[in-house]
Amino acid sequence: MPKLRVHNIAISVDGYAAGPDQGLVNPLGVGGMKLHDWAFATRAWNQAHGMKGGEKGVDDKMIAGGELGIGATIMGRNMFGPIRGPWIDEDWKGWWGEDPPFHHPVFVLTNFDREPIRMEGGTTFHFVTSGFASALEQAIDAADGQDVRVGGGPTTIQQYLSAGLIDELHVAIVPILLGSGTRLFDSLSDGPPSLVCVEFIGSPTVAHARFARIDT
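All of the points below concern the structure found in this document. Keep in mind it's a predicted model, so treat the numbers as computed, not measured.

1. Focus on the overall build of the chain
Line of reasoning, step 1. Counting its regular elements, the chain contains six helices and eleven strands.
Line of reasoning, step 2. In terms of overall dimensions, the chain has C-alpha extents of about 45 × 40 × 35 Å along its principal axes.
Line of reasoning, step 3. For the chain, the proportion of its 216 residues judged to be buried stands at 44%.
Line of reasoning, step 4. Accessible surface, the chain: about 10800 Å² in total, of which carbon and sulfur atoms supply 54%.
Line of reasoning, step 5. Seen as two clouds, the 16 positive and the 25 negative side-chain charges of the chain have centres 5 Å apart.

The following block contains the structure:
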């Protein structure tokens, strides 16, 4: 049965997955890009974005593992781009350039209708106005037997965690303090339901905690 997975979601040691004041200038909020320096340095990240070079090791292994067996991705509108409200400028096709790194269907949660956008490399953005459960149903169907990834941001991940739908969760804990922004676990007073830590491993730059569903 296909799984719903979250991979490489980075948080600061004070729990923030994005800094304050997200927008066009600071898509991950002020200071938020520092959460992903470890990922940008890996060989797997560079390959996924059409670049050469990069480091091997634990971080590279975690990035590469998050790509295996994924047939569709779900993301929130903020992860797609900074535009709010109705789609006034439909020339905007997301943060990801003409050849996004997904290469499969991507389902974007939004309150405003928009026609699908077909990009180079096999990525098609579908805009879902019927809620996160509907997006999951569509993504599972589109994944054709493979797993579905929730790409982010933190608010989108929270919805699926709160509903107990996440099967695997990989959190990268980065040794920085952001002080404010958006926390990953703010709405989960009792912790992620049915998830236990099955792996905890560190590199010189980040600690990786991987959780998996343990049904009782």
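2. Comments concerning the nonpolar core
Line of reasoning, step 1. Ranked by internal contacts, the top residues of the largest apolar core, which has 25 residues, are Ile9, Ile74, Tyr160, Ile166 and Leu169.
Line of reasoning, step 2. The set of elements that each furnish at least two residues to this core consists of strand S1 (4-12), strand S3 (70-76), strand S4 (105-109), helix H5 (132-143), strand S7 (147-152), helix H6 (154-162) and strand S8 (168-174).
Line of reasoning, step 3. Excluding its chain neighbours within four sequence positions, the residues that come into contact with isoleucine 166 are Leu4, Val6, Val150, Tyr160, Leu161, Leu195 and Arg213.
Line of reasoning, step 4. Within the second largest apolar cluster, twelve residues are counted, among which are Leu35, Ala172, Ile176 and Val206.

3. Brief notes about the sheet that holds strand S6 (residues 124-128)
Line of reasoning, step 1. The nine strands are arranged S5-S6-S4-S3-S7-S1-S8-S11-S10 in an open sheet whose pairing can be described as mixed. Bordering the open sheet on either side are strand S5 (117-118) and strand S10 (195-202), each of which pairs with just one other strand.
Line of reasoning, step 2. Here S10 pairs with strand S11 (residues 207-213) via seven bridges, running antiparallel. Paired with valine 196 across the strands is alanine 212, a residue of S11.
Line of reasoning, step 3. With respect to the sheet, helix H3 (residues 58-65) is in contact with S1, S8, S10 and S11, its orientation differing from that of S1 by roughly 140°.

4. A short note on the layout of surface pockets
The probe, sized like a water molecule, is rolled over the atoms to show the empty space still left.
Line of reasoning, step 1. Roughly 1100 Å³ of volume is contained in the largest pocket.
Line of reasoning, step 2. Ranked by residues supplied to the lining of the largest pocket, first place goes to H6 with four residues.
Line of reasoning, step 3. Taken together, the residues of the lining of the largest pocket sort by class into 19 nonpolar, 16 polar and four charged.

5. Observations regarding the packing of aromatic side chains
Line of reasoning, step 1. In total, this model carries nine aromatic pairs according to the counting rule given.
Line of reasoning, step 2. Chaining the aromatic ring pairs together yields one cluster made of Phe80, Trp87, Trp96, Phe102, Phe125 and Phe127.
Line of reasoning, step 3. The ring of tryptophan 87 carries the charged tip of arginine 114 above its face, separated from the ring centre by 4.8 Å.

6. Some details on the environment of glutamate 55
Line of reasoning, step 1. In this fold, glutamate 55 is placed in the loop between helix H2 (43-48) and H3.
Line of reasoning, step 2. Once the C-alpha coordinates of glutamate 55 and glycine 66 are considered, the two residues, eleven residues apart in sequence, prove to be 16 Å apart.
Line of reasoning, step 3. Dropping the residues within four chain positions of it, glutamate 55 is found in contact with Ala41, Thr42, Arg43 and Asp60.

7. Some details on the pattern of salt bridges
Line of reasoning, step 1. Enumeration over the complete set of coordinates arrives at seven salt bridges.
Line of reasoning, step 2. The closest approach of N and O atoms between lysine 3 and glutamate 168, which form a salt bridge, is 3.2 Å. Note that lysine 3 is positioned in the segment before S1 and glutamate 168 in strand S8, a separation of 165 residues in sequence.
Line of reasoning, step 3. Arginine 213 is the partner of aspartate 167 in a salt bridge, and the nearest nitrogen-oxygen pair spans 2.8 Å. Here aspartate 167, found in the loop between H6 and S8, pairs with arginine 213, found in strand S11; they are 46 residues apart in sequence, far enough to count as distant.

Reading the values: the criteria
- Residues numbered from 1 in each chain as written.
- Predicted model: local features only at pLDDT ≥ 70, side-chain atom pairs only at ≥ 80, totals over all residues.
- Heavy atoms only, no water.
- Helix = DSSP H or I, 4+ residues; strand = E, 2+ residues; numbered from the N terminus.
- Buried < 20%, exposed > 50% of the residue type's maximum accessible area, 1.4 Å probe, protein only.
- Areas by Shrake-Rupley, 256 points an atom, 1.4 Å probe, with all protein chains shown as cover.
- Lys, Arg positive; Asp, Glu negative; His and termini not counted.
- Charge placed at Lys NZ, Arg CZ, Asp CG, Glu CD.
- Core = buried A, V, L, I, M, F, W, Y, C linked by side-chain atoms within 4.5 Å.
- Contact = heavy atoms within 4.5 Å.
- Pairing = 2+ DSSP bridges.
- Axes fitted to C-alpha atoms, helices over the stretch in contact; angles between N-to-C directions.
- 1 Å grid on protein atoms, 1.4 Å probe; cavity = no way out; pocket = protein on both sides within 12 Å on 5 of 7 lines; lining within 4 Å.
- Points joined across faces, edges and corners; volume = space filled by probe spheres on them.
- Nonpolar A, V, L, I, M, F, W, Y, C, P; charged D, E, K, R; others polar.
- Phe/Tyr/Trp six-rings, centres within 6.5 Å; stacked < 30°, edge-to-face > 60°.
- Lys NZ or Arg CZ within 6 Å of the ring centre and 35° of its normal.
- Salt bridge = Lys/Arg side-chain N within 4 Å of Asp/Glu carboxyl O.

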